[in-house]
Protein chains: 2
Amino acid sequence: MTSLWERLEQADNSARPSLSARRIAEAAVSIADADGLEAITMRRLAAELGVAPMAAYRYVSDKNEILELMVDLVYGQADIPQGEDWRQTMRALALGMRALVLKHTWLTQLPAARAAFELTPNRLTLAERTLAAIRGADLDVDTAMSIFRTVTAYIHGATSAEVGLRQLSTERGWVSGDEARAGLSGQMTWLLGTGRYPEFARYTREAVRKDDLLWQFETGLEHVLDGIALRLATPGPG
Amino acid sequence: MTSLWERLEQADNSARPSLSARRIAEAAVSIADADGLEAITMRRLAAELGVAPMAAYRYVSDKNEILELMVDLVYGQADIPQGEDWRQTMRALALGMRALVLKHTWLTQLPAARAAFELTPNRLTLAERTLAAIRGADLDVDTAMSIFRTVTAYIHGATSAEVGLRQLSTERGWVSGDEARAGLSGQMTWLLGTGRYPEFARYTREAVRKDDLLWQFETGLEHVLDGIALRLATPGPG
DNA sequence: TCTATGAGTATACATCGTACGCACCGGCTT
DNA sequence: AAGCCGGTGCGTACGATGTATACTCATAGA
């Protein structure tokens, strides 16, 4: 069996199939968007496609392969910035990725985290643009890649945390942050009441930006970009 | 039903049970360490504990609850630094977490990513120590927490990526990085051969630190910590 | 018109999480 | 001492899931 991606491009038009890897992935994405990742069932998928449960196996060797296809499909929909100013580019990249993840929250929950990191075509494009954006500063390739990896790691970690928090909230039917904190009281008041976490308790009392998830994401991002700026700054001319 | 953590501490010693939430979690962790997360089956777990499949349900209402217990158990084993120098403390925190994740790679694969972000007691301890470490600089609580979140996000993202890469490798039986790249050729040579990714192709040719995963982790971490240092530096006295 | 190819189908199975009710044991009340 | 009773662990059973295997049948090329 050749590579999944290779097979994809060589769409053999010899027959006129009603199904395709693409259509399967699209259906899977729409199911996951609506009802979460665990709602993706070969049977449900087939029903959605108006087809028998086993039909998909003509185009996909595994359920996991469907997940890979889903990842690549949504990455393909991300508009990847292609800019001059590296910092603007990275900010756009980060915010774009965040929007993508918030739209498809299952991205953070893929059981095979592998899939999220495998080199799918669209992920490569992403790396490509980023590397191009910082090409100006003459860095060795290792450092250049480390910058890409760092930003990517932050994005991944921050969005995962945000999605986790959001899901925890909506799953329990909270809308406002205050409501959430009231709801958490059950678990949390007890924990905080133990007096073991004074700093954290202070945060819950005094913080102002607790519910401003965008502010949190952007602030963290600026921390990261500041650090990278140091690396990119040419040390000479100052 | 009261909170899971509450129930844990109020271990009612009225009876002499052979089982306990703790023992269940330990067994689950050892299974996951050995054979991966998907090897955790209620039946397998019971067999490992020398007990009938349904026995665990006396102590746990869900399989998901077992996952939560596992997370907290291993977080509890992490030695969380408690230092003076914030940068040393954070470095130690990051390297410790990395070691923990590499030891329990399933941490990055928890299907309910929620579990990884829920406020378990040991995770709170972690936040507590970190906040204490940067208490010196007088920051508002929001910024202080954003620093914690940023480092945490980087750690989470970077370790996930590293684990994903490692699993992809071992899963296909590669040991050396060169072997891995040779193995990836199938998928990758074709992709890179398309000429769509010149920057990335240059990296695969010229990079030197491709296989030094520790260097990659630490370098990214330094980028992040540099950015935070800017925030912590008192702007006055220079 | 015959036939081979390949798309979609039908049936079946092992394995999973877990609902439900039972058997049993030790400490309490009387 | 006798009997109840809460709680521990067990047995059975069920519906859902991923997928192996063998099929039907339409169509394109001869």
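Here is a short report on the structure shown in this document.

Reading the values: rules and limits
- Residues numbered from 1 in each chain as written.
- Chains lettered and ligands numbered in written order.
- Predicted model: local features only at pLDDT ≥ 70, side-chain atom pairs only at ≥ 80, totals over all residues.
- Heavy atoms only, no water.
- Phe/Tyr/Trp six-rings, centres within 6.5 Å; stacked < 30°, edge-to-face > 60°.
- Helix = DSSP H or I, 4+ residues; strand = E, 2+ residues; numbered from the N terminus.
- Buried < 20%, exposed > 50% of the residue type's maximum accessible area, 1.4 Å probe, protein only.
- Lys NZ or Arg CZ within 6 Å of the ring centre and 35° of its normal.
- Near = heavy atom within 4 Å.
- Polar contact = N/O pair within 3.5 Å; in protein donor to acceptor, adjacent residues only side chain to side chain.
- Nonpolar A, V, L, I, M, F, W, Y, C, P; charged D, E, K, R; others polar.
- Least-squares fit on C-alpha atoms with pLDDT ≥ 70 in both.
- Contact = heavy atoms within 4.5 Å.
- Axes fitted to C-alpha atoms, helices over the stretch in contact; angles between N-to-C directions.
- Left-handed = near helix turned anticlockwise from the far one by under 90°.

1. As for the packing of aromatic side chains
Residue and element names in this part refer to chain A. Evaluation of the coordinates by the stated rule reveals 4 aromatic pairs over all chains. Arranged with centres 5.7 Å apart and planes meeting at 35 degrees, the rings of tyrosine 154 and phenylalanine 217 form a pair that is tilted. A residue pair is termed long-range when its members are at least 10 positions apart, and tyrosine 154 in helix H8 (residues 141-171) and phenylalanine 217 in helix H11 (residues 213-232) qualify at 63 residues. A ring pair is formed by phenylalanine 200 and tyrosine 203, whose centres lie 6.2 Å apart and whose planes are at 55 degrees; its orientation type is tilted. Taken together, the residues phenylalanine 200 and tyrosine 203, both in helix H10 (residues 198-206) and 3 residues apart, mark about one turn of the helix. Assigned by exposure class, phenylalanine 200 and tyrosine 203 land together as buried. Here the guanidinium or amino end of arginine 98 rests over the ring plane of phenylalanine 217, the centre of that ring lying 5.5 Å away.

2. So, the protein's contact with DNA strand D
Taken together, 19 residues surround DNA strand D, and among them Lys63(A), Ser18(B), Ala52(B), Arg58(B) and Tyr59(B) come closest. Between Lys63(A) and DNA strand D, the recorded distance is 2.4 Å, taken from a side-chain N or O atom to a phosphate oxygen. Here a phosphate oxygen of DNA strand D sits 3.3 Å away from a polar atom, N or O, in the main chain of Leu19(B). Looking at side-chain class alone, the surface near DNA strand D contains 11 nonpolar, 2 polar and 6 charged residues.

3. Thoughts on the relation of the copies chain B and chain A
Two chain copies, one operation linking them: a rotation about an axis together with a shift along it. Mapping chain B onto chain A calls for a rotation angle of 180 degrees and an axial translation of 0.0 Å; the resulting RMSD is 0.1 Å. Each copy turns onto its partner about a two-fold axis. Identified as the residue of chain B closest to the rotation axis by C-alpha distance is Gly227(B), at 1.8 Å. Most of the interface of chain B is mirrored in chain A: 100% of its interface residues are interface residues there too.

4. Examining the packing of helix H5 (residues 86-103) of chain B against helix H11 (residues 213-232) of chain B
Residue and element names in this part refer to chain B. One way to put it is that H5 packs onto H11 with a least axis distance of 11 Å and a crossing angle of 145 degrees. You can see that H5 and H11 cross each other, and the crossing is right-handed. The segment H5 lies against H11, with Trp86, Arg87, Met90, Arg91, Ala94, Leu95 and Arg98 engaging Leu213, Leu214, Phe217, Glu218, Leu221, Glu222, Leu225, Asp226, Ile228, Ala229 and Leu232. For the contact of H5 with H11, the per-class residue count stands at 12 nonpolar, no polar and 6 charged.

5. Details of the environment of Val74(A)
Residue and element names in this part refer to chain A. In this fold, valine 74 is placed in helix H4 (residues 63-77). Residues valine 74 and leucine 107 lie 33 residues apart in sequence; the distance between their C-alpha atoms is 9.2 Å. Residues in contact with valine 74, not counting those within four places in the same chain, are Val29, Leu100, His104, Trp106 and Leu107.

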